[in-house]
Amino acid sequence: MSDRYAVFGNPIAHSKSPRIHAEFARQTGQDLVYEAILAPLDGFAAALAAFRAGGGRGANVTVPFKEQAHALATRRTPRAEAAGAVNTLSFEDDAILGDNTDGAGLVRDLTRNLGLSLAGKRILLMGAGGAARGVLLPLLEQGPAALCIANRTPDKAVALAAHFRTAGPVEGGGYEALAGRRFELVVNATAASLAGELPPLPAELFAPGALAYDMMYGRDTPFLAYARERGARTADGLGMLVEQAAEAFCLWRGVRPETGPVIAQLRGE
Ligand code: ATR
């Protein structure tokens, strides 16, 4: 029987993860099946336990269960601990390993697929919720000159920066504090794109050759339009999605799939 994996979320119907992992399995010759499971909002732990009891080997976890997955893991990687959230679970004999591959996926998309070296660069991270927190440590590990967190509620950005201050040159505040500053990389980790909104950005923000990255994928966003109008290079979060999946696949199976063809395939649809 094939090894079983799944992604848990609510909603989950539109998840691309089953297709991504099926393609990885085909490519690497791994014998596994990967399905999408809709867990009830109050029933994630039970759904996960049932899957594990039925022979599940590991799981991805998405909105809104990543914090619960963190709590359910009996062992966590340092990057999952830093993120305060888990998107990848690996079921071991008497333990559940929790990892978070989101930040590594973002960094890999930025550095390998988009060719942007982050060392010595000025990075702006917009948002101070779970999505922002999940990528902070891997971004800081790249050695940027500065990582500025801007948030609509400035106190949350200040608190998040304080939490990570031993990991690198990170500062937090509101959007008004960005006036006159320039960044080589601007990452949108807010939920604004979901609502078709643009965070309150100043008129100028991008250093020459800057990259604007929206973690959301599948549609043009007001942030990417704002960036294009100002001459920045733009990217959506599709590459991050595929790269975080590849990190999870690698953790489970010990082989790293090729992501380029999968990104191209999804992009073409
Ligand atoms: P997630 O897990 O996706 O990060 P979250 O924890 O609810 O979700 O965080 C959402 C983030 O998007 C927050 O930083 C939020 O700002 P506030 O902390 O001020 O609420 C930000 N956000 C949501 N809508 C926004 C908007 N229209 N403009 C700017 N920021 C927005």
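Definitions and limits used
- Residues numbered from 1 in each chain as written.
- Predicted model: local features only at pLDDT ≥ 70, side-chain atom pairs only at ≥ 80, totals over all residues.
- Heavy atoms only, no water.
- Helix = DSSP H or I, 4+ residues; strand = E, 2+ residues; numbered from the N terminus.
- Rg over C-alpha atoms; globule rule 2.2 N^0.38 Å.
- Buried < 20%, exposed > 50% of the residue type's maximum accessible area, 1.4 Å probe, protein only.
- Contact = heavy atoms within 4.5 Å.
- Areas by Shrake-Rupley, 256 points an atom, 1.4 Å probe, with all protein chains shown as cover.
- Lys, Arg positive; Asp, Glu negative; His and termini not counted.
- Charge placed at Lys NZ, Arg CZ, Asp CG, Glu CD.
- Core = buried A, V, L, I, M, F, W, Y, C linked by side-chain atoms within 4.5 Å.
- Axes fitted to C-alpha atoms, helices over the stretch in contact; angles between N-to-C directions.
- Parallel < 35°, antiparallel > 145°, perpendicular 65-115°, else oblique.
- Left-handed = near helix turned anticlockwise from the far one by under 90°.
- Nonpolar A, V, L, I, M, F, W, Y, C, P; charged D, E, K, R; others polar.
- Near = heavy atom within 4 Å.
- Polar contact = N/O pair within 3.5 Å; in protein donor to acceptor, adjacent residues only side chain to side chain.
- Domains from an automatic or database assignment.
- Buried area = accessible area lost by both parts, 1.4 Å probe.
- Phe/Tyr/Trp six-rings, centres within 6.5 Å; stacked < 30°, edge-to-face > 60°.
- Pairing = 2+ DSSP bridges.
- Right-handed = clockwise from strand over helix to strand, strands pointing away.

Overview of the overall build of the chain
- Helix and strand counts for the chain come out as 10 helices and 12 strands.
- A compact globule built from 269 residues should have a C-alpha radius of gyration of about 18 Å, and the chain, at 18 Å, falls within 12% of that.
- Expressed along its principal axes, the backbone C-alpha trace of the chain runs to roughly 60 × 40 × 30 Å.
- Residues classed as buried in the chain amount to 52% of the 269 residues present.
- Sequence-distant contacts in the chain: of pairs separated by 6 or more residues, those separated by 24 or more amount to 64%.
- Carbon together with sulfur atoms contributes 52% to the accessible area of the chain, which is approximately 11700 Å² in total.
- Across the chain, the 27 positively charged side chains and the 28 negatively charged ones have centroids separated by 2 Å.

Considerations on the nonpolar core
- In terms of nonpolar packing, the biggest core is built from 30 residues, with Leu106, Leu136, Leu147, Ile149, Leu185 and Tyr213 touching the most fellow members.
- Here this core takes 6 residues from helix α6 (residues 130-140), the largest share from any one element.
- Within the second largest apolar cluster, 19 residues are counted, among which are Ala25, Leu241, Phe249 and Ile263.

Some remarks on the packing of helix α9 (residues 238-253) against helix α10 (residues 260-267)
- Put simply, α9 and α10 touch, their axes get as near as 10 Å, and they point 140 degrees apart. In terms of orientation, α9 and α10 fall into the oblique class. Note that α9 runs across α10; the crossing there is right-handed. Counted together, Leu238, Gly239, Val242 and Glu243 of α9 and Val262, Ile263, Leu266 and Arg267 of α10 form the full contact between these two elements.
- Within the contact of α9 with α10, the residues separate by chemical class into 5 nonpolar, 1 polar and 2 charged.

Observations concerning the site of the ligand
- Within the structure, the ligand sits among 14 residues, and Asn151, Arg152, Thr153, Lys156 and Glu197 are positioned closest to it.
- Contact distances for the ligand include 2.9 Å between an oxygen atom and a backbone N or O atom of alanine 131.
- Within the contact set of the ligand, an oxygen atom lies 2.8 Å away from a side-chain nitrogen or oxygen of arginine 152.
- Contact with the protein chains removes 71% of the 650 Å² of surface that the ligand exposes when unbound.
- Residues of the shell around the ligand, tallied by class, amount to 5 nonpolar, 6 polar and 3 charged.

Section: the domain arrangement of the chain
- Segmenting the chain into domains produces domain 1 (3-100 + 240-268) and domain 2 (103-236).
- Spacing between the C-alpha centres of domain 1 and domain 2 amounts to 25 Å.
- Across the boundary between the two partners, domain 1 contributes 17 residues, which contact 16 residues of domain 2.
- Both sides together, the interface formed by domain 1 and domain 2 hides about 1300 Å², and carbon and sulfur atoms give 57% of it.

Quick look at the packing of aromatic side chains
- Inspection of every chain in the model, using the stated rule, returns 8 aromatic pairs.
- Aromatic pair phenylalanine 24 and phenylalanine 249: ring centres 5.5 Å apart, planes at 70 degrees, arrangement edge-to-face. Remark: phenylalanine 249 occurs in helix α9 and phenylalanine 24 occurs in helix α1 (residues 17-28); sequence separation between them is 225 residues.
- The exposure class of phenylalanine 24 is buried, given its relative accessible area of 0%.
- With a centroid separation of 6.3 Å and 45 degrees between ring planes, the pair formed by tyrosine 34 and tryptophan 252 is classed as tilted. Of the two residues, tyrosine 34 is situated in strand β2 (residues 32-38) and tryptophan 252 in helix α9; the sequence distance between them amounts to 218 residues.
- Its relative accessible area of 10% is what places tryptophan 252 among the buried residues.
- Through successive ring pairs, a cluster of aromatic residues spans Phe8, Phe44, Phe51, Phe65 and Phe91.

Re the pairing of strand β9 (residues 170-173)
- Direction of pairing for strand β8 (residues 146-150) relative to β9: parallel, over a ladder of 4 bridges. Bridge assignment links cysteine 148 to a residue of β9, and that residue is glutamate 171.
- After leaving β8, the chain enters helix α7 (residues 154-163) and then returns to the sheet as β9, a path that is right-handed.

Some thoughts on the side chain of histidine 21
- Take histidine 21: it is sitting in helix α1.
- The class of histidine 21 is buried, set by a relative accessible area of 1%.
- When residues no more than four places from it in sequence are discounted, the contact partners of histidine 21 are Leu32, Tyr34, Asn60, Ala245, Phe249 and Trp252.

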